[in-house]
Amino acid sequence: MRTEAYGAATGRLSGFLENPVVGMAPWIVFSLLVGPGRFEIAVGIALAVIVALVVAGRVVHRGSSWKLLEVADVVFFAALAVIGALAGDGTLRWLETYAGEVSNLALTVIAFGSMAVRTPFTLQYAREQTDPALWHTPVFLRTNYVITGVWGLAFLVAALAGGFGDLVLRDPDNLWTGWIVQILAIVAALRFTAWYPGVVRARARGEPGPGAASLLLPLAGLLVPVGIAVLVFDGGVWWLGVALIVAGGLLTKALQART
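Quick caveat: nothing in here was measured; it's all calculated off a predicted structure.

Participant: Got a minute to help me understand the overall build of the chain in this structure?
Facilitator: Regarding its fold elements, the chain presents ten helices and zero strands. Along the chain, helices (α) and strands (β) appear in the sequence α-α-α-α-α-α-α-α-α-α when read from the amino end. Buried residues in the chain amount to 40% of all 259 residues. When contacts within the chain are restricted to residue pairs at least 6 apart in sequence, those whose partners lie at least 24 apart make up 71%. Total accessible area on the chain stands at roughly 13700 Å², and carbon and sulfur atoms take up 70% of it.

Okay, here's the thing in structure tokens:
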């Protein structure tokens, strides 16, 4: 019984570590946490996350090779930790303000750059969950190009939102540009990553796949907590918070009826 439970737990951990979202977790954590007075904390947490994930990956998958995203994670956050420790007050203030945009732009470059060299970064993760006979098929490769491209767009949107808040609004902690827009972009990419492979598999079998309603349902549900956040933290536009809560509830019901 214990052996079966251990095997099941190991299998779940293995599946978790084989998801490309795991490689992006330190960047997502960092970009959402960093801000005035929080640079060292954000870097420390992001670095701890990637170290823990790399160690867990090597324990579960002994002899597995390093992935592009893992290398980028370690180099980027270790470099930021060193720079933060040695930086003067002026440099530290600049990092606190713009490091989130720098990290999102770096991820954008990694995503589109990996596509440019014909090795979308999700490919290394997808191969660990797929029969080697499918690794070089056009459908498998195209699926990874699409998913990697969606992640690239999500990080670009997050970078532009953060840059607008910092450079135009002069408000790094703006609720919309620093949090809501960036979180929505990441959640949309997460949902697409889970949804799109099912669509591809259904098409290959000639069957109807998951519809757009199943893709949009979690995003519609997210409108409710966003509306609550607006009510709590941005009372000047309380009406918008109420509208988002109502819209989220109505859209969720409508989409549930179509799934």
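Read on for the rest.
Participant: Explanation requested: the pattern of salt bridges in the structure shown.
Facilitator: A side chain with one charge can pair with a side chain of the opposite charge if their charged atoms come near. One pass over the full model with this rule turns up three salt bridges. For E128, the salt bridge identified is with K67, shortest N-O distance 2.8 Å. Separated by 61 residues along the polypeptide, E128 in the loop between α6 (122-127) and α7 (138-168) and K67 in the loop between α3 (39-60) and α4 (68-86) bring together distant segments of the chain. Classification of E128 by relative accessible area gives partly exposed; the value is 30%. Two residues, R205 and E207, come together in a salt bridge whose shortest N-O distance is 3.1 Å.

Participant: Explain helix α10 (residues 238-258) here, please?
Facilitator: Its 21 residues place the ends of α10 31 Å apart at the C-alpha level, agreeing with the 30 Å of an ideal helix rising 1.5 Å per residue. For α10, the elements touching its buried residues are α8 (175-205) and α9 (212-233).

Participant: I tried to follow unusual backbone geometry on my own but got confused; where do I start?
Facilitator: One can expect most non-glycine residues to show negative phi and most peptide bonds to be in trans. The backbone of R118 sits at a positive phi, close to 65 degrees, despite the residue not being glycine. Its location among the elements puts R118 in the loop between α5 (89-116) and α6. Its relative accessible area of 69% is what places R118 among the exposed residues. Notably, R170 is not glycine yet its phi reads approximately 55 degrees, a positive angle. Tracing the chain through its elements places R170 in the loop between α7 and α8. For R170, a relative accessible area of 62% corresponds to the exposed category.

Participant: Whenever I open this one, the side chain of T108 confuses me. Can you help?
Facilitator: Summarising the element assignment, T108 is placed in helix α5. At 3.3 Å, the side chain of T108 forms a polar contact with the backbone nitrogen of L156.

Participant: What is the right way to read the packing of aromatic side chains from this model?
Facilitator: Any two aromatic rings considered together are summarised by their centre-to-centre distance and by the angle between their planes. Summed over all chains, the structure comprises ten aromatic pairs. Ring plane angle 80 degrees and centroid distance 6.3 Å describe the contact between F30 and F39, whose orientation is recorded as edge-to-face. F39 matches F30 in its accessibility class, with the two residues each being buried. Consider the rings of F30 and F77, whose centres lie 5.4 Å apart with planes at 70 degrees: the pair is edge-to-face. Highlighted residues: F30 in helix α2 (residues 20-33) and F77 in helix α4, separated in sequence by 47 residues. Residue class for F30 comes out buried when judged on its relative accessible area of 0%. Each residue in the set W27, F30, F39, F76 and F77 is aromatic and connected to the rest through ring pairs, giving one cluster. Over the face of the ring belonging to Y125 we find K67, whose NZ or CZ atom lies 5.2 Å from the ring centre.

Participant: Help me understand the packing of α9 against α10 in this model?
Facilitator: For any two helices packed against each other, one specifies the crossing angle of their axes together with the interaxial distance. Where α9 meets α10, the axes come as close as 7 Å, and the angle between the chain directions of the two elements is 160 degrees. Taken together, the axes of α9 and α10 lie roughly antiparallel to each other. Between α9 and α10 lies a crossing whose hand is left-handed. Broken down by class, the residue content of the contact of α9 with α10 amounts to 17 nonpolar, seven polar and one charged.

Participant: Looking at this model, I keep getting lost on the environment of N144. Mind explaining?
Facilitator: In this structure, N144 sits in helix α7. Sequence separation between N144 and P120 is 24 residues, and the spatial gap between their C-alpha atoms is 6.3 Å. With near-sequence residues (within four places) excluded, N144 lies in contact with P120, T122, L123 and A126. One polar contact links the side chain of N144 to the main-chain amide nitrogen of L123, over a distance of 3.5 Å.

Participant: What should I look at first to understand the packing of α7 against α8 in this one?
Facilitator: With their axes 8 Å apart at the nearest point, α7 and α8 run at an angle of 175 degrees to one another. Classified by the angle their axes make, α7 and α8 are roughly antiparallel. Along the lines of polarity and charge, the residues of the contact of α7 with α8 split into 20 nonpolar, six polar and no charged.

So, how was this worked out
- Residues numbered from 1 in each chain as written.
- Predicted model: local features only at pLDDT ≥ 70, side-chain atom pairs only at ≥ 80, totals over all residues.
- Heavy atoms only, no water.
- Helix = DSSP H or I, 4+ residues; strand = E, 2+ residues; numbered from the N terminus.
- Buried < 20%, exposed > 50% of the residue type's maximum accessible area, 1.4 Å probe, protein only.
- Contact = heavy atoms within 4.5 Å.
- Areas by Shrake-Rupley, 256 points an atom, 1.4 Å probe, with all protein chains shown as cover.
- Salt bridge = Lys/Arg side-chain N within 4 Å of Asp/Glu carboxyl O.
- Expected span 1.5 Å × (residues − 1).
- Polar contact = N/O pair within 3.5 Å; in protein donor to acceptor, adjacent residues only side chain to side chain.
- Phe/Tyr/Trp six-rings, centres within 6.5 Å; stacked < 30°, edge-to-face > 60°.
- Lys NZ or Arg CZ within 6 Å of the ring centre and 35° of its normal.
- Axes fitted to C-alpha atoms, helices over the stretch in contact; angles between N-to-C directions.
- Parallel < 35°, antiparallel > 145°, perpendicular 65-115°, else oblique.
- Left-handed = near helix turned anticlockwise from the far one by under 90°.
- Nonpolar A, V, L, I, M, F, W, Y, C, P; charged D, E, K, R; others polar.

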